[in-house]
Amino acid sequence: MKLLIINPGSTSTKISVFDEYTELFEESVFHDAPELLQFDHVNGQVPFRKQVIIDILAKHGFAPNDIDVF
């Protein structure tokens, strides 16, 4: 079972992917303040952060459909 762990920080997006108890990878992406200030509210960042996560997964050879638990 593959698990995607997401930690959306104030200026970064961190994710880890596990296969059961084994970590397959971990990655952090730091966002510039102007990049995040274009959104009126933190909820407005959802599409932006989702794309960041999809891009990280793809970089490591995964697609969202490969993940069993979010």
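Keep in mind the model is a prediction, meaning the values are calculated, not measured. (Residues numbered from 1 in each chain as written. Predicted model: local features only at pLDDT ≥ 70, side-chain atom pairs only at ≥ 80, totals over all residues. Heavy atoms only, no water.)

> What is the right way to read the overall build of the protein from this model?
The helix and strand tally for the protein stands at two helices and three strands. Ordering the α and β elements of the protein from the N terminus gives β-β-β-α-α. Considered along the principal axes of its C-alpha atoms, the protein spans approximately 35 × 20 × 20 Å. Long-range pairs, those at least 24 residues apart, make up 41% of the contacts in the protein with a sequence separation of at least 6. Distance from the positive charge centre (5 side chains) to the negative charge centre (11 side chains) of the protein: 2 Å. (Helix = DSSP H or I, 4+ residues; strand = E, 2+ residues; numbered from the N terminus. Contact = heavy atoms within 4.5 Å. Lys, Arg positive; Asp, Glu negative; His and termini not counted. Charge placed at Lys NZ, Arg CZ, Asp CG, Glu CD.)

> Help me understand helix α2 (residues 46-59), please; the structure alone is not making it clear to me.
Structural remark: α-helix, 3.6 residues per turn; residues separated by three or four positions point the same way. A rise of 1.5 Å per residue sets the reference length of α2, with its 14 residues, at 20 Å; its end C-alpha atoms lie 20 Å apart and thus fit the reference within 8%. For α2, the set of buried residues is Phe 48, Arg 49, Val 52, Ile 53, Ile 56 and Leu 57. Where the residues of α2 are buried, they touch β1 (2-8), β2 (12-19), β3 (22-30) and α1 (33-37). One or two steps after α2, the chain reaches Gly 61, where phi turns positive at roughly 85°. (Expected span 1.5 Å × (residues − 1). Buried < 20%, exposed > 50% of the residue type's maximum accessible area, 1.4 Å probe, protein only.)

> Please clarify how the nonpolar core should be interpreted in this entry.
Buried together is how nonpolar side chains tend to be arranged in soluble globular proteins. In terms of nonpolar packing, the biggest core is built from 12 residues, these being Leu 4, Ile 15, Val 17, Phe 25, Leu 36, Phe 48, Val 52, Ile 53, Ile 56, Leu 57, Phe 62 and Ile 67. Looking at this core, the elements that each hand over two or more residues are β2 and α2. For this core, the element with the most residues is α2, which contributes five residues. Residues in contact with Ile 15, not counting those within four places in the same chain, are Leu 4, Ile 5, Ile 6, Phe 25, Glu 26, Glu 27, Ile 53, Ile 56 and Leu 57. (Core = buried A, V, L, I, M, F, W, Y, C linked by side-chain atoms within 4.5 Å.)

> What is the right way to look at the sheet that holds β3 in this model?
Paired through backbone hydrogen bonds, the strands of a sheet run either parallel or antiparallel to each other. Spatially, three strands are ordered β1-β2-β3 in an open sheet, and the strand pairing comes out antiparallel. Of all the strands in the sheet, the pair left with one neighbour each is β1 and β3. Ignoring strand direction, the axes of neighbouring strands in this sheet form an average angle of 15°. Inspection of the sheet shows β2 paired to β3 by eight bridges, in the antiparallel sense. Among the inter-strand pairings, Ser 16 is bridged to a residue of β3, identified as Glu 26. Its contacts with the sheet place α2 against β1, β2 and β3, and it is angled at close to 45° to β2. (Pairing = 2+ DSSP bridges. Axes fitted to C-alpha atoms, helices over the stretch in contact; angles between N-to-C directions.)

Just geometry here; none of it tells us what the structure is for.
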